[in-house]
Amino acid sequence: YGFKIRHNHTTKISGFTFQDTSWGLLLGRAPFVEISDCVFNNNHQGIASNLDKNLTISNSLFINNDIGYYEYYYGDDCLIKNCTFNNTDDIIYNPGYGTFAELHIFNSILNGGVAGLDGDGNNPVYLNYSLYDDGNLGTNVHDVIGNILGNPLFTDSGSDNYKLQSNSPCID
């Protein structure tokens, strides 16, 4: 693991890079975790979580991961906002064990190889004001409002520059 948070710890993580690991960040059953301004690069799973409580991920970059974010085992409502997922194959939201929880994604970019965004029967994913690749919304994913398809127009993603060009459709 790059980093593991165990039971019963409310945690805020900000400004870290998790790179070249099996699981960049493994979240155990903590009551609340807030992740911001982090980079998850070239991991099998950027974030793997089996939280019993809320998770908020904001202003973070997920690049070249097999799975960007994976919620499994248990879970509660989660929020992803202002994040970029590029050349990351999947976001899987599947808490299981009869859990009823929701993943809300706002103002985020899911581009360049995000092969699937998936919820399951009890655990929907709601996508709002985000950019995604056409055909990549999977099971129980709802395109709610303000979403767009297309190229986000990064400055130079090949050189890991994910700033948006001034004419990007992601800028209001």
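The model shown is predicted, which means the values in this text are computed figures rather than measured ones.

Draft legend 1. Looking closely at a nonpolar patch on the surface. On the surface, Tyr-129, Val-144 and Ile-145 cluster together into a nonpolar patch covering about 270 Å² of accessible area. Summarising the element assignment, Ile-145 is placed in strand 19 (residues 141-145). Look at Ile-145 and you get partly exposed, because its relative accessible area is 41%.

Draft legend 2. How the structure looks around the sheet that holds strand 4 (residues 23-27). Within the open sheet, the six strands sit side by side as 1-4-7-10-13-16. Their pairing is parallel. The outermost strands of the open sheet, each flanked by one partner alone, are strand 1 (3-5) and strand 16 (116-118). Mean inter-strand twist for the sheet, computed between neighbouring axes without regard to direction, equals 10°. Where strand 10 (residues 67-72) meets strand 13 (residues 90-94), five bridges bridge the pair, whose relative direction is parallel. Pairing of Tyr-69 across the sheet is with Ile-91, part of strand 13.

Draft legend 3. Layout of the nonpolar core. In terms of nonpolar packing, the biggest core is built from 31 residues, with Ile-35 and Tyr-69 touching the most fellow members. In contact with Tyr-69, not counting residues within four places along its chain, are Ile-47, Ser-49, Leu-55, Ile-57, Cys-78, Ile-80, Asp-90, Ile-91, Ile-92, Tyr-93 and Leu-103. One finds Leu-61, Ile-109, Leu-131 and Tyr-162 within the second-largest nonpolar core, a separate group that totals six residues.

Draft legend 4. Examining the packing of aromatic side chains more closely. By the definition in use, this model includes six aromatic pairs. Aromatic pair Tyr-70 and Tyr-72: ring centres 5.2 Å apart, planes at 25°, arrangement stacked. When its relative accessible area of 24% is taken as the criterion, Tyr-70 is described as partly exposed. Among the aromatic side chains, those forming a connected cluster through ring pairs are Phe-16, Phe-18, Phe-40, Phe-62 and Phe-85.

Draft legend 5. Looking closely at the sheet that holds strand 15 (residues 109-111). Overall, parallel pairing links the seven strands, which are arranged 3-6-9-12-15-18-20 in an open sheet. With partners counted over all chains shown, the strands left at the sheet margins are strand 3 (17-19) and strand 20 (148-149), one partner each. Note that strand 18 (residues 131-132) and strand 20 share two bridges and pair parallel. Residue pairing in the sheet places Tyr-132 in a bridge with Leu-149 of strand 20.

Rules used throughout
- Residues numbered from 1 in each chain as written.
- Predicted model: local features only at pLDDT ≥ 70, side-chain atom pairs only at ≥ 80, totals over all residues.
- Heavy atoms only, no water.
- Patch = residues over 30% accessible without salt bridge, like charges linked within 9 Å, V, L, I, M, F, W, Y side chains within 5 Å.
- Areas by Shrake-Rupley, 256 points an atom, 1.4 Å probe, with all protein chains shown as cover.
- Salt bridge = Lys/Arg side-chain N within 4 Å of Asp/Glu carboxyl O.
- Helix = DSSP H or I, 4+ residues; strand = E, 2+ residues; numbered from the N terminus.
- Buried < 20%, exposed > 50% of the residue type's maximum accessible area, 1.4 Å probe, protein only.
- Pairing = 2+ DSSP bridges.
- Axes fitted to C-alpha atoms, helices over the stretch in contact; angles between N-to-C directions.
- Core = buried A, V, L, I, M, F, W, Y, C linked by side-chain atoms within 4.5 Å.
- Contact = heavy atoms within 4.5 Å.
- Phe/Tyr/Trp six-rings, centres within 6.5 Å; stacked < 30°, edge-to-face > 60°.

Everything listed here is a matter of geometry and, on its own, says nothing about what the molecule does.
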